[in-house]
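# Examining the three-dimensional arrangement
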Amino acid sequence: AQVTGDGAMTVPVPVDFHAEDGWWGFGTDFHSYLGYVGTDAEQLWLDEAWVDWRWEDMGDVHLLAGRQFQSYGLGLLVNNERQSQQGLRLRWGDLLPGLTWEGFLAGADYDFRTPRLDPQGDGYGSTRLAYDAGSFSLGANWLVDGAGLEEGWSADLGATLWGGRELLVEYSTMTNDVH
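Residues numbered from 1 in each chain as written. Predicted model: local features only at pLDDT ≥ 70, side-chain atom pairs only at ≥ 80, totals over all residues. Heavy atoms only, no water.

## Some thoughts on the pairing of strand β11 (residues 151–161)
Consecutive residues of a regular strand have side chains that alternate between opposite faces of the sheet. One ladder, built from 8 bridges, connects strand β10 (residues 136–145) with β11; its direction is antiparallel. Counted as the bridge partner of F136 is A159 from β11. In this structure, the hairpin formed by β10 and β11 is closed by a connection of 5 residues, where G148 is found at a positive phi of approximately 70°. In this structure, β11 lies alongside strand β12 (residues 165–176), joined through 11 bridges in antiparallel fashion. Bridge pairing in β12 places A159 opposite L167. Connecting the antiparallel pair β11 and β12 is a turn made up of 3 residues, with W162 showing a positive phi of about 45°. (Pairing = 2+ DSSP bridges. Helix = DSSP H or I, 4+ residues; strand = E, 2+ residues; numbered from the N terminus.)

Here it is, written out as structure tokens:
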């Protein structure tokens with residue numbers, strides 16, 4: 001159990017399942033993480049639970065369906081660590097050597113409210129194209145639809161320098177925000 005400064009508590013209950021040859025001839029993973037948070041005993045929620053379908057005969061292709069966290073680069077533009085989202089993520093690695101594409105479509109029910117956020121929920125969409133050469137990486141990220149009508153883009157760069165020290169930078173801008 002982990003207790004935070006505000007008295008909230010999280011109890012991890014990991015469950016993992018792997019089937020090598022799942023339905024339709026591709027591999028399947030199931031992952032879940034149950035958490036409790038809050039100071040009253042009424043709040044019990046599922047942090048993450050997703051199924052990962054892999055098509056290895058097409059390269060490194062994954063479809064994740066379910067409740068999940070996601071972040072691109074350093075997370076300046078795309079990062080839902082505050083609350084996982086129910087959605088679909090398609091990840092296609094090795095489109096060309098070192099080149100990966102990822103897209104995420106989800107629904108969100110935010111625990112914070114502003115006048116411009118619909119209290120009934122919201123759609124969410126993002127995509128990333130990244131190149132990883134081992135000693136350096138470069139990524140381009142697009143927030144198609146974030147909280148409310150947020151939109152934006154970012155670029156990130158990672159490099160390994162001087163005996164294994166990592167340098168990570170990201171530039172991000174919002175082209176439309178909820179405020």
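## Some details on the environment of A155
Note that A155 resides in strand β11. By relative accessible area, which is 31% here, A155 ends up partly exposed. Measuring from C-alpha to C-alpha, the distance between A155 and L76 comes to 9.8 Å, with 79 residues separating the pair along the chain. Ignoring sequence-local partners within four residues, the contact set of A155 consists of G139, N141, V169, E170 and Y171. (Buried < 20%, exposed > 50% of the residue type's maximum accessible area, 1.4 Å probe, protein only. Contact = heavy atoms within 4.5 Å.)

## Concerning unusual backbone geometry
Among all residues save glycine, negative phi is the norm, and among peptide bonds the norm is trans. The residue D94 is not glycine, and still its phi comes out positive at about 55°. Overall, D94 belongs to the exposed group, its relative accessible area being 52%. Even without a glycine there, the phi angle at W162 is positive, about 45°. Among the secondary structure elements, W162 is positioned in the loop between β11 and β12. With a relative accessible area of 70%, W162 lands in the exposed category.

## Quick word on the side chain of S154
Note on placement: S154 falls in strand β11. Separated by 2.8 Å, the side chains of S154 and E170 make a polar contact. Sequence-distant contacts of S154, that is, excluding residues within four places in its chain, are made with L77, G139, A140, N141, E170, Y171 and S172. (Polar contact = N/O pair within 3.5 Å; in protein donor to acceptor, adjacent residues only side chain to side chain.)

## What to know about the packing of aromatic side chains
Under the criterion given, the structure shown has 3 aromatic pairs. Centre to centre, the rings of F104 and Y124 are 6.1 Å apart; their planes meet at 70°, and the pair counts as edge-to-face. Highlighted residues: F104 in strand β8 (residues 99–108) and Y124 in strand β9 (residues 122–132), separated in sequence by 20 residues. Taken individually, F104 and Y124 each receive the classification buried, so the pair is uniform in this respect. Ring geometry for W153 against Y171: centres 5.6 Å apart, planes inclined by 50°, an arrangement best described as tilted. Of the two residues, W153 sits in strand β11 while Y171 sits in strand β12, which places them 18 residues apart along the sequence. (Phe/Tyr/Trp six-rings, centres within 6.5 Å; stacked < 30°, edge-to-face > 60°.)

## Details of the nonpolar core
Y72, L77, V78, F104, A106, Y124 and L143 form the largest nonpolar core, which has 7 residues in total. Excluding anything up to four places from it in sequence, Y72 contacts V78, E102, G103, F104, S126, T127, R128, N141 and E170. (Core = buried A, V, L, I, M, F, W, Y, C linked by side-chain atoms within 4.5 Å.)

## Observations regarding the side chain of D156
Within the secondary structure, D156 is located in strand β11. A polar contact is formed between the side chain of D156 and the side chain of R128, at a distance of 2.7 Å. Leaving out residues up to four positions away in the same chain, D156 has contacts with G73, R128, S137, L138, G139, N141, V169 and E170.

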